[in-house]
Amino acid sequence: MIALRIALALLVGAAGYVLGSMFADRLRRRVQELDEWQALLQLLQSDVAYGALELPRSLEKIARSVRQPTRTFAQRVARRLEGHVRVQDVWREELERMRTQGCLAPDDIVAIGELGDALGQFGREEHARHLEHALARVAVQRQRAADERGRGERMWRTLGATAGMALALLLL
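Residues numbered from 1 in each chain as written. Predicted model: local features only at pLDDT ≥ 70, side-chain atom pairs only at ≥ 80, totals over all residues. Heavy atoms only, no water.

### So, the overall build of the chain
At step 1: From N to C terminus, the chain includes six helices and zero strands.
At step 2: Against the globule reference of 16 Å for 172 residues, the chain gives a C-alpha radius of gyration of 21 Å, more extended than a compact globule.
At step 3: Taken across its 172 residues, the chain has 38% of its residues classed as buried.
At step 4: Within the chain, contacts between residues separated by at least 24 positions form 69% of all contacts whose residues are at least 6 apart in sequence.
At step 5: Of the accessible surface of the chain, which amounts to about 10000 Å², a share of 58% is contributed by carbon and sulfur atoms. (Helix = DSSP H or I, 4+ residues; strand = E, 2+ residues; numbered from the N terminus. Rg over C-alpha atoms; globule rule 2.2 N^0.38 Å. Buried < 20%, exposed > 50% of the residue type's maximum accessible area, 1.4 Å probe, protein only. Contact = heavy atoms within 4.5 Å. Areas by Shrake-Rupley, 256 points an atom, 1.4 Å probe, with all protein chains shown as cover.)

This is the structure in structure tokens:
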């Protein structure tokens, strides 16, 4: 009987640690996703500056250079733009989908979403300015995310482990 209680207490303690680690991992993944967004925006900025490709072709090319879930975003936007729909609508809808699938915070989504409002409405120079602004905002969000990660990662792991151990002690 005591062995079962000890095993259960160890299991609950481990579950607390795992739960805390899951929250900490979201902080790490948010920083990685913002890094990928910076890469996507930099590549898009290059394509706009040199006027090499239309937006759907540019996004298809960029999708091969970035990781998930940003890759999926670029692929889906490129594919949907083939249907001659408004860039702004597609950008917002796909960003909303990303919000549910990724680890981005609402402020991150706003920073990226504002670029979508400008795409397809202006000339190359104005697009370049909007991309520069979006890059700056994503860089700020990335720095905030890195700061939160630095503070929050250890806190969530410690909190999860402590809560798990507290519950484990209650079970004994």
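Still more ground to cover, so stick around.
### Observations regarding a nonpolar patch on the surface
At step 1: Side chains of Ile2, Ile6, Leu10, Leu169 and Leu172 sit close together on the surface and give an oily, nonpolar patch of about 550 Å² of accessible area.
At step 2: No other element matches the three residues that helix H1 (residues 2–50) contributes to the nonpolar patch.
At step 3: In this fold, isoleucine 6 is placed in helix H1.
At step 4: By relative accessible area, isoleucine 6 is classed as partly exposed at 43%. (Patch = residues over 30% accessible without salt bridge, like charges linked within 9 Å, V, L, I, M, F, W, Y side chains within 5 Å. Salt bridge = Lys/Arg side-chain N within 4 Å of Asp/Glu carboxyl O.)

### A word on the nonpolar core
For soluble globular proteins, the rule of thumb is that nonpolar side chains tend to be buried together.
At step 1: Formed by 31 residues in total, the largest nonpolar core has its most connected members in Trp37, Leu41 and Trp91.
At step 2: At the level of secondary structure, the elements contributing two or more residues to this core comprise H1, helix H2 (55–63), helix H3 (70–81), helix H4 (87–101), helix H5 (106–118) and helix H6 (124–171).
At step 3: Ranked by the residues each element gives to this core, the list is headed by H1, at seven residues.
At step 4: With residues up to four places along the chain from it excluded, the contact list for tryptophan 91 reads Trp37, Phe73, Val77, Ile112, Gly113, Leu115, Gly116 and Leu119. (Core = buried A, V, L, I, M, F, W, Y, C linked by side-chain atoms within 4.5 Å.)

### Remarks on H2
At step 1: Here H2 has its buried residues at Pro56, Ser58, Leu59, Ile62 and Ala63. The buried residues of H2 occupy an angular sector of 160 degrees when the element is viewed end-on, so they sit on one face.
At step 2: Residues of H2 that are buried in the fold lie against H1 and H3. (Arc of directions from axis to C-beta.)

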